[in-house]
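# Geometric and topological summary
The residues making up each chain are set out below.
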Amino acid sequence: MNHSALHPAGLHAAQIAHLGWIFLAVSCVVYVVVIGILIVVLVQRRRHGSDPTTLSRAERRALTSVGIAVGITTVLVTCLAVSEFLTRRTLEQDTGEPLRVRIIGHQWWWEVQYQSDTAAGQVQTANELHIPVGRPVQLQMTSQDVIHSFWVPNLQGKRDLIPGHTTHIVLVADQAGRYEGQCAEFCGFQHAKMRIVVDAQRPADFDAWRQAQLQPAREPASEQEKRGKQVFDSGTCVMCHSIQGSPAGGTIGPDLTHVGSRSSIAAGALPNTPQTLALWISNPPAIKPGTTMPAAALSGEDLLSLALYLESLK
Ligand SMILES: [Cu+2]
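Thresholds, definitions, all that
- Residues numbered from 1 in each chain as written.
- Predicted model: local features only at pLDDT ≥ 70, side-chain atom pairs only at ≥ 80, totals over all residues.
- Helix = DSSP H or I, 4+ residues; strand = E, 2+ residues; numbered from the N terminus.
- Buried ≥ 20, exposed ≤ 12 C-beta atoms within 10 Å, placed from the backbone.
- Pairing = 2+ DSSP bridges.
- Axes fitted to C-alpha atoms, helices over the stretch in contact; angles between N-to-C directions.
- Domains from an automatic or database assignment.
- Contact = placed C-beta atoms within 7 Å.
- Nonpolar A, V, L, I, M, F, W, Y, C, P; charged D, E, K, R; others polar.

### Observations regarding unusual backbone geometry
Excluding glycine, a negative phi dihedral is what most residues carry, and trans is how most peptide bonds are arranged. The omega torsion across Q107 and W108 is 5°, close enough to zero to call that bond cis. Looking at where W108 falls in the secondary structure, it is placed in the loop between β1 (99-106) and β2 (109-114). The backbone of N127 sits at a positive phi, close to 65°, despite the residue not being glycine. For N127, the position within the fold is in the loop between β3 (123-126) and β4 (128-132). The class for N127 is buried, based on 21 C-beta atoms found within 10 Å. Even without glycine at this site, A267 takes up a positive phi of about 55°. The residue A267 is located in the loop between β11 (264-265) and β12 (270-271) in this model. The class of A267 is buried, set by 24 C-beta atoms lying within 10 Å.

This is the structure:
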């Protein structure tokens, strides 16, 4: 089950779900008891009638029970607060040597940087987080513009991305699979089109993915792809996008070195195919009004070549 906090696929999400069920169970019991007492009292009043000016014995008894109820409520709320505190503490516990990934929120996409001790070991990607099953992953998160919030409900609770400040969250996936997430803090026009996917892979598959991502961009193979690369290198694209192994070194938009390996583009706004790439490049504001990427005035042939070139960057 995807996109649901009720189907945890990791340690942290499981603890949060567990706490949620405890809260729900306690609230249900309290609700039933309160409504039950209310009904009994109303029925009794009907039967015996009451004189509003004096307190009968029954009413005095009722006052005592109110006192007892307040006591029980205090105890219950304290217990729930303590269990919440304990869960929060286990969620924040350090767990060995984690994989470290830096996530930077932008209006309206996620920049993803795999940290490594060497510059050559760093991987840059966007909107798709690949993680190995079973290994804790520490996300170090910040924002370039406004407050965003990282939320992949099957794996962890929410955590804000705050400009000028780094927040941390650790997640572990127990089962391989693709888990969808979404920016959970309203961040402007295209907040709804700011999706993130976590692809939890078997460790061997993850290593293979990481190795592939570490390679510089694939050289164009066909004439059409060569033309596409020319269009890219000679246009405005290089001011905002990077392609490793080429002169393009912009950092305003997502790194495109392996854009063809992603399943969707523009933070889940469109699936990743040559057609949708062409559609996006020709007029991004039509798909995400307010985006900083401007429409490109290209001939049909140039646009197609460009889309095929980008798609070839696996
Ligand atoms: Cu956002």
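Now that the structure has been shown, the text picks up again.
### Notes on the sheet that holds strand β5 (residues 137-143)
Judged by pairing direction, the sheet is mixed, and its five strands sit side by side in the order β3-β2-β1-β5-β8 without closing on themselves. The sheet is open, and its two borders are formed by β3 and β8 (167-171), each paired with just one other strand. Each strand axis lies, on average, 25° off the axis of its neighbour in the sheet, ignoring direction. Sheet topology note: the β1/β5 ladder contains seven bridges and is parallel. Bridge pairing links I103 to M141 in β5.

### As for the domain arrangement of the protein
Once the domains are mapped, the protein shows domain 1 (11-92), domain 2 (99-214) and domain 3 (223-312). Using C-alpha coordinates to define each centre, domain 1 is positioned 40 Å away from domain 2. Listed per partner, the contact involves four residues of domain 1 and eight residues of domain 2. Its residues assigned to classes, the side of domain 1 that touches domain 2 shows three nonpolar, one polar and no charged.

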